[in-house]
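Structure at a glance
Chain by chain, the residues run as shown.
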Amino acid sequence: MVMDKYYFYRNPLFKVYATVQNGLVKMNTEGLVSPIFNSMVKDLMQMFDGTKPSVVEADRLIYSTWMPPIPSKPFDRLVSSQMGNMRGKYIPEQLTISITEDCPNKCLHCALPDTKNRAKLEPNIVRSIIDQAQEVGTTLIIFDGGEPLLYAGLEELISHVDQERAIPGLFTSGVGLTVEKAQSLKEAGLYMLSVSLDSAHEEGHDLMRGRSGVFRDAMSAIRNGVEAGLFVNIYVVISPRNIHELDDFYQLAREAGVHEISFFEIVPTGRWLDHTNEVLSVEDRKKFDDFVSYASMSAGPRIFPIPQVVGKMGCFAGRKWLHITPEGNVWPCSCLPLSYGNIHNDNLKTIWKKITEDPTFTGGKCLMRNSEFRRIRLGLNEQEEQN
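In what follows, the accompanying structure is described. Source: prediction; values computed, not measured. (Residues numbered from 1 in each chain as written. Predicted model: local features only at pLDDT ≥ 70, side-chain atom pairs only at ≥ 80, totals over all residues. Heavy atoms only, no water.)

Considering helix H11 (residues 348-356)
Along H11, the positions that sit buried rather than exposed are Leu348, Ile351, Trp352 and Ile355. For H11, the angular spread of the buried residues around the axis is 100°, confining them to a single face. Buried-residue contacts for H11 involve helix H3 (123-136), strand E13 (321-324) and strand E14 (330-331). Near the N-terminus of H11, the side chain that reaches the backbone nitrogen of lysine 349, with its oxygen 3.2 Å away, is that of asparagine 347. (Buried < 20%, exposed > 50% of the residue type's maximum accessible area, 1.4 Å probe, protein only. Helix = DSSP H or I, 4+ residues; strand = E, 2+ residues; numbered from the N terminus. Arc of directions from axis to C-beta. Contact = heavy atoms within 4.5 Å. Polar contact = N/O pair within 3.5 Å; in protein donor to acceptor, adjacent residues only side chain to side chain.)

Overview of the packing of aromatic side chains
Within the structure shown, the criterion is met by 17 aromatic pairs. Measuring from ring centre to ring centre gives 6.3 Å for tyrosine 9 and phenylalanine 14, while their planes differ by 50°; the resulting arrangement is tilted. Residue classification places tyrosine 9 among the partly exposed positions, given a relative accessible area of 28%. On the numbers, 5.1 Å between centres and 50° between planes, the contact of tyrosine 191 with phenylalanine 231 is tilted. Separated by 40 residues along the polypeptide, tyrosine 191 in the loop between helix H5 (179-188) and strand E9 (192-197) and phenylalanine 231 in strand E10 (residues 231-238) bring together distant segments of the chain. With respect to class, tyrosine 191 is no different from phenylalanine 231; both count as buried. Among the aromatic residues, those joined into a ring-pair cluster are Phe249, Tyr250, Phe263, Phe288, Phe291 and Tyr294. Of note, lysine 5 hangs over the ring of tyrosine 17, and the distance from its end group to the ring centre comes to 4.6 Å. (Phe/Tyr/Trp six-rings, centres within 6.5 Å; stacked < 30°, edge-to-face > 60°. Lys NZ or Arg CZ within 6 Å of the ring centre and 35° of its normal.)

Some words on the sheet that holds strand E6 (residues 94-98)
Sheet architecture is open: 9 strands sit in the order E12-E11-E10-E9-E8-E7-E6-E13-E14, paired in mixed fashion. The open sheet is flanked by strand E12 (302-305) and E14, the only strands paired with a single partner. Where strand E8 (residues 167-172) meets E9, 4 bridges bridge the pair, whose relative direction is parallel. Looking at the pairing, leucine 170 lines up with leucine 193 of E9. Of the strands in this sheet, E13 and E14 touch H11, which is tilted by about 125° from E13. (Pairing = 2+ DSSP bridges. Axes fitted to C-alpha atoms, helices over the stretch in contact; angles between N-to-C directions.)

The following block contains the structure:
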């Protein structure tokens, strides 16, 4: 039996809560001042209303693998940051930490620059980053790479996250995620496991990842993560190369028993920096929108359509997201190689203040798709981009 109400926010005069009816979320408000405050939370409520959650449990709602469970203290912190956003006070709700540059793959679209330094962040530095992030209000801390499963002591970093304030996640290609490793990560406190797939078929995925066998690694990791009791997400970067596989991705996710499948639109950055013309066309986006409309109501995992979310809420860079490279450089997001400081020399709060004071970040469209921004801020020009 599920709870009658899952409270998103409540005080003595005003409450926002969800019920789950026929597998879909229904948002409601109650309280003496509801007529006054309903308009303030209308847009946020519409994002949830009528959509499918990832997991419905007896005592909590897992709306998305990217969000803390409802109810929980980290979710209360997330709601607080959303309230702050309405007043122009921005919090880095999501932090991705590339703890190591090491990776057995050679992904064609990897956002990590080819420094070839085999850099990594030392454990004491990562622990300090986690502490600082939680102090400024971060509620989702994702360990990234390279391939984070190659980092010795990963479990100790995961367990350092204070789950009274934030949830820990892992972003991986799946290499090395054995049954034993998945269980070890779960015991360390890992909440969300996100495994990347670039094609629903072995040949296509291995081609994009630059190594044979990585598709089998990914599928094994997905199965092991589900078996260990982790909340598992499949992460797909959609491009003109795989836009025709949307139904195949969803069928694969359904058969694998994952909780969510997320779609992210390819960005011309990193090794894909000069592919400014190999992005989604208007027809591709229409195909994706049509797919989301019918698949979201189908039996299977929740769909997180990031391009649609960004279209409604604006780009998260410099507003809701921070990224730290293996060298310690702090970027507004993992796709935007513009450093505002280095964690070895500066504290995160100071760096975040510097980012939020930059008028560049308006929450509009992706800046890496803006030719003027690429030319002026990153020093790129058409000739360089085509080489």
